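Summary of structural features
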Amino acid sequence: MWLVKVLSVIYFTACAAQNSSDGYTSTPIYDPPKPSLKLLSSWPDVFENETVEFHCDVHSPDWTASWFFKGEKLDTDLILKADGAYIYITAYEGEYACRADPTSRGVSSGLSNTVFITVYDYSPTAMLTKFPDFNPMYVGETVNLTCKVNLSSGWKYQWYKNGIELQTTKETNSIDLSFSDRGTYQCKAFRGETISTDISEEIKQDVLEIPVPALKSTWSDVFPSESVELGCAMDGGADWVYTWYKHGHEVQADDVDSLGSNGATLSIRSASAKHKGEYTCKGKLNNRPVSSNFSPGLTLSVYDEKPSVTLTQDPEYNVMFPGESVSFRCHIGVSSGWKYKWFKDGVPFNAPGNTYSLNSVGTANSGSYSCQAERGEDKIFFISSSQAIRLEVKGSQPKPLLTQVPDVVKVYTGESMSFKCKVELSSGWRYQWYKDGIHLLSNSNNLTINDAKSVNGGTYKCSATRDITMYNTSHSDGRTIQVSEIPVPSLKSVKPWLDVFPGESVKLSCGMADGADWTFSWIKDERPVQADGTTSFDLDAATLSISSASASHRGQYSCSGKLKSRPVVSSTFSHGLNLSVYGSQPKPLLTQVPDVVKVYTGESVSFKCKVELSSGWKYQWYKDGILLLSNSNNLTIKGAKSVNGGTYKCSATRDITMYNTSHSDGRTIQVSEIPVPSLKSVKPWLDVFPGESVKLSCGMADGADWTFSWFKDKQHVQADGTTSFDLDAATLSISSASASHRGQYSCLGKLKSRPVVSSTFSHGLTLSVYGSQPKPLLTQVPDVVKVYTGESMSFKCKVELSSGWKYQWYKDGIHLLSNSDSLTINDAKSVNGGTYKCSATRDITMYNTSHSDGRPIQVSEIPVPSLKSVKPWLDVFPGESVKLSCGMADGADWTFSWIKDKQHVQADGTTSFDLDAATLSISSASASHGGQYSCLGKLKSRPVVSSTFSHGLNLSVYDTKPRVTLMQNPIHNVMHTEDSVSFSCHINVSSGWKYLWLKDGKLLPESGNNHTIKSVETKTTGSYQCQTQRGSDAVFSSDPSPVVKLDVKERPQAGITLLTGWSEVFSTDSLVLRCEVHESQDMWNYTWFKAGQHINRPPSKNHLVTPQNNPEQSEYTCRGISTGRPSYSRNSDSFQTKNLLLKRRVLLSISGCIFFGIIAVFLGCIFLRVFRKPADDKDKPGEAELFLTMSQLRQLSDTTCPMAQYITGAELNDPPKEADENGTICSETTQLPITSQDEQVVESEIEDVTEKNGGLISFK
């Protein structure tokens, strides 16, 4: 082929020389203009569905533009808009070019420069960043928010604050912060009309007021030489530095012992008077222009001297007993922050704080106690010890000593006596007194009883209690006291009578009942009796004897007594004894008051029976001949009753001689009940309307002679123009009722002849007047709209006005069969639901009220509690949290109780309930929590309990954490690139798991239990693990799985070489291609592909290409296959052939043209030499070297072999070549390179040779 090109150039050069030598002007031949392709869009990288615009600049209006994509003409379906040299298309990734085509000639330019468009197959992402990256920030600071898309360019930005669009499109949004700038910021990017990013991740910016520093110190008052440290701090814990001031002037390091590294502390190691004053501080944020205001001031005081410490004891008892409590308090009157040391008998012991308490002392606690105070940490400040306090603890419980004055057992009423209780040991005692074991209201150590009474008798004891520790002694020994009345002297006749005859002896005895040591004195007719010839006394004058009675001895005798040992005298004389003489039988006189036969119950009747002579009579009473139990001369009947009616008599008998009088005359009485007035309305109603007449009647049942009085509202009723009474006022008449007559009427009866009045008023009758129609009041218990089946409910209908009503009941307008004022529904059912009303009717007048207001009732089944797990699983692991929820469908006010395995669940350290126990929470599950849970509901306001438990939920708690297994498929130790591998993460228990994937310990973005790598790469090599977790509030995580290691190596690549030499083309019409895998030593077979389609032939290393199996241009690739691993190689690069049969025919035709062309050239040269005139040498231009020398050929080491170029299109994909040592750059064994472009047609190839008018080579 190269020979053809050389001969063609020779021919055309000779022709050109001929034209030039003839002196004719030839028509210039121009290269077609090369168009320039420009991208009018502002960016060469776009996203799917984005459009771009190109301009093909051909520099001439006579040319039109053709468009190419990846070397082929652009499909018109892809063009959105075309306007001459402009085109508007939807972008696809690849190289774009254009070509200029003349409108009138069939010549086309070459392709323009190419423009490569990159198309991203994913959406762009807007990245929002903040500088400085602080949150929160303070008012007055500046923050810069930057929105950026890292791909492509030409972006504009839209900003959002709290979801509201802001009026700025800058890439950076700079904000001088104020409170209004607090919020959440986002952005998105857009360009053109079709492309925009999603809204970025949000950045929250909080804005705070610059805080005021807080100044603190452990104490603000110190003592000479004591150390103190002041601290300055800001809320938020930011990186602040601090400056200190004293009285407004900045504190320098020389003024104090030290300042902290950032000024946060000011330390004074030895305080003195110069350190007194008010300290303040300011804060400045490190590396940020933020300064605070001054802190509040802290005044530091320095005392003139050290303080003293005081030890006090409470209670202040010098002696204590086992079990009592005592506390010692160590006190310093100034400052704070003290720590205290305690000493007993000079030995230190541990006790917290300034108080040391002994809640129950024993003898081991006896000793001398003192304390000492200190404060500070780095440099401790001490105070000398307090005074010592001695504590003595006795070993046994004390017993009080009880004494009495007078020291006697028996005392008399009116006497005084006192007791004294004393505990010999210690002090601070309060005393308690007891009588017969009952505590008396006295705390004194003395108990005095003045004017003793019988109730003061008993056994007295005392005990003592400490007034502070409440320590109790044992009880004292008891002192028993008997209190008796001072006896009245008992005077009696030794003989059984006092009416005697003259000469009889009389003996009277005076004595005291208690038999104590008494002496006596006698009087007769209130005059002292002296001993004489007939009257004498025995020892102590206890007996008076009259040896011979006479008239002078008549009279009344009495005596009195006096105690020998104490100033106790009987307060009264004995009763008197009358001494008399008489002889006839008397008849008692019976009298009655009142002297009537008929009496009323409640009246008093008294009878008196009297014997006029002597004394010492006993009386007998008889009613209707039956003896009554009474010996008195008076018989009184108080509050007479009907049983007291009958005939009464009496008689008398001498008490010893049994001498009887005759019976008295009889007295007969009848006893009747005092009748209650009967009040009634003559008309059958008491609520009337104005103008109606009213008549009330009052009477007594027995019809005796009674008169009546009337009352209205407890006020006496008088007759007037409308009110009148009949005889004895038995009837009250109102001729015309009005509002003034309203009220309650009653009457009272009085017996005309005796002061007997009916004990009670008649029952009241209330007279009312009203005019409007009444409306019943309907009430309900319980007062709710919704009741549950099985509940009881009752309604009550009441007309507040008047009486005599009958009631009607209605449900949903239907009359119910009930006339009572109450309607009760027991065991409610759904059919009882509805609206209930009632009305009333007057029983005689048939007057009807209006209907009451309705009471709607809904009757529902008691709901069954609904139990569910808040988390979607009920099998948990140790330490995992559980939450169960119990609720009622109707949402009423319920409380709940919980059952686990039929046992009540109680709250403990891990189990808790919320309000009303609607939620059961287990913070950390363990095996003890496993079981079936159910719940029961109870209505708070009424006794309604859900009849059944909720359905059960079984909670399972595993023994250990779950085991996670990681599996690889396929299982190969070594993988090759393009292999696919998948990992599956398995956990064999429970559910709700989220999966985490780790490579070399770092978290991967994948989720799910499978992680598949469709085409591995060498960077995929690493150690893989997975882990599971679940839960949201409290996340529970498993342990990571065992490690699975993955090793990835590069897959070897196949390559194609051409075995057929270029010189063999004239002798054969086929090509032999060879496929080899050079990077592997394994045994390979090879499969072949034409135009991407598999060639259905047995695997072979070589492949034969003939015109029969390759009639058109084709791309060939191959791939190695192996029975081992890797099982296949990467595909080779594509190899493109040309139509060998056509080329062979073309070569044969050209060879004939070459022969005739050589003859024509020689003939032309001879003709020119003969007929052409030679030009002058000076005007003769230098002859162009049509042929090159061999040295010039050697310099063209990179010249393409023409035959190789022709057969393979090497100029489109020219590999580097090296000349051999003889300068030959083409040989028959040169291997044809692989081409990747479509070959040009032969006609185009010839044109290329012509246009490249410099491809001729001289052999000169």
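Read on for a plain summary of the structure.

Cut-offs and rules
Residues numbered from 1 in each chain as written. Predicted model: local features only at pLDDT ≥ 70, side-chain atom pairs only at ≥ 80, totals over all residues. Heavy atoms only, no water. Helix = DSSP H or I, 4+ residues; strand = E, 2+ residues; numbered from the N terminus. Contact = heavy atoms within 4.5 Å. Pairing = 2+ DSSP bridges. Axes fitted to C-alpha atoms, helices over the stretch in contact; angles between N-to-C directions. Buried < 20%, exposed > 50% of the residue type's maximum accessible area, 1.4 Å probe, protein only. Salt bridge = Lys/Arg side-chain N within 4 Å of Asp/Glu carboxyl O. Phe/Tyr/Trp six-rings, centres within 6.5 Å; stacked < 30°, edge-to-face > 60°. Disulfide = S-S within 2.5 Å.

This part covers the side chain of Thr 723. Mapped onto the secondary structure, Thr 723 falls in strand β67 (residues 723–725). Those residues in contact with Thr 723 that lie beyond four places of it in its chain are Val 717, Gln 718, Leu 732, Ser 733, Ile 734 and His 741.

Pairing is mixed in the open sheet, where five strands are placed in the order β72-β78-β77-β74-β75. Edge positions in the open sheet fall to β72 (786–788) and β75 (814–816), since each of these has one partner strand only. Going across the sheet, the axis of each strand differs from the next one's by a mean of 35°, ignoring polarity. Relative to strand β77 (residues 834–842), strand β74 (residues 805–811) runs antiparallel, the two sharing seven bridges. By the bridge assignment for β77, Tyr 807 is matched with Ala 840.

Before going further, it helps to examine the environment of Ala 97. On the secondary structure map, Ala 97 appears in strand β8 (residues 94–102). According to the relative accessible area criterion, Ala 97 is buried, its value standing at 6%. In sequence terms Ala 97 and Asn 113 are 16 residues apart; their C-alpha atoms lie 6.2 Å from each other. The residues touching Ala 97, leaving out its near neighbours within four places in the chain, are Leu 37, Ser 66, Trp 67, Phe 68, Ser 112, Asn 113 and Thr 114.

Right, let's get into the pairing of strand β35 (residues 367–375). Within β35, eight of the nine residues are buried, which leaves it mostly tucked inside the rest of the structure. Strand direction decides the pairing type here: strand β32 (residues 339–344) and β35, joined by six bridges, are antiparallel. Of the residues in β35, the one forming a bridge with Lys 339 is Glu 374. Alignment of β35 against strand β37 (residues 389–393), held across three bridges, turns out to be antiparallel. For Ser 368, the partnering residue across the bridge sits in β37 and is Arg 390. Between the end of β35 and the start of strand β36 (residues 381–383), which pair antiparallel, lie five residues, with Gly 376 showing a positive phi angle near 105°.

Our focus in this paragraph is the sheet that holds strand β64 (residues 694–699). The strand order β62-β64-β68-β67 describes an open sheet built from four strands, whose pairing is antiparallel. Strands at the two margins of the open sheet, each flanked by one partner only, are β62 (678–681) and β67. Averaged over neighbouring strand pairs, the angle between their axes works out to 15° when direction is ignored. Two strands pair when backbone bridges link them, and β62 and β64 are joined in this way by four bridges, in the antiparallel orientation. Its bridge partner being in β64, Ser 681 is matched across the sheet by Leu 696.

Attention shifts here to the pattern of salt bridges. As enumerated under the stated definition, the model contains 35 salt bridges in all. In this structure, Asp 451 and Lys 453 form a salt bridge, with 3.4 Å as the shortest nitrogen-oxygen distance. Judged by relative accessible area, which is 41%, Asp 451 ranks as partly exposed. Put simply, Lys 752 and Asp 728 hold a salt bridge, and the shortest N to O gap is 3.6 Å. You can see Lys 752 sitting in the loop between β69 (743–751) and β70 (765–769) and its partner Asp 728 sitting in the loop between β67 and β68 (731–734), a full 24 residues away along the chain. Through salt bridges with shared partners, a single ionic network connects Glu 978, Asp 979, Arg 1051 and Arg 1125.

Evaluation of the coordinates by the stated rule reveals 31 aromatic pairs. An angle of 20° between the planes, with centres 4.6 Å apart, marks the rings of Phe 223 and Tyr 303 as stacked. With Phe 223 in the loop between β21 (221–222) and β22 (228–233) and Tyr 303 in the loop between β28 (298–302) and β29 (310–314), the pair connects residues that are 80 residues apart, well separated along the chain. By relative accessible area, Phe 223 is classed as buried at 1%.

Turning next to unusual backbone geometry. Note the cis peptide between Phe 131 and Pro 132, where omega equals -10°. Cis rather than trans, the peptide bond between Val 781 and Pro 782 has omega equal to 0°. Mapped onto the fold, Pro 782 is located in the loop between β71 (777–781) and β72. You will see that Asn 287, though not glycine, has its phi angle at about 65°, which is positive. With respect to the element layout, Asn 287 can be found in the loop between β27 (277–285) and β28. By relative accessible area, Asn 287 is classed as exposed at 72%. One non-glycine residue with positive phi stands out, namely Asp 436, at about 55°. On the secondary structure map, Asp 436 appears in the loop between β41 (429–435) and β42 (438–440).

Attention now goes to the state of the cysteines. Scanning all chains against the criterion turns up 12 disulfides. Each sulfur of the disulfide joining Cys 510 and Cys 559 lies 1.9 Å from the other. Since a negative S-S torsion denotes a left-handed disulfide, the Cys 510-Cys 559 link at about 85° is right-handed. Of this pair, Cys 510 sits in strand β47 (residues 506–511) while Cys 559 sits in strand β52 (residues 555–563), and the two are 49 residues apart along the sequence. Owing to a relative accessible area of 2%, Cys 510 belongs among the buried residues under this scheme. By relative accessible area, which is 0% here, Cys 559 ends up buried. Across the disulfide from Cys 797 sits Cys 838; the S-S distance is 1.9 Å. Negative torsions about the S-S bond denote left-handed disulfides, and the value of about 75° found for Cys 797 with Cys 838 makes this one right-handed. Taken together, the positions of Cys 797 in strand β73 (residues 793–798) and Cys 838 in strand β77 put the pair 41 residues apart, joining distant regions of the chain. Just as Cys 797 is buried, Cys 838 falls in that class too.

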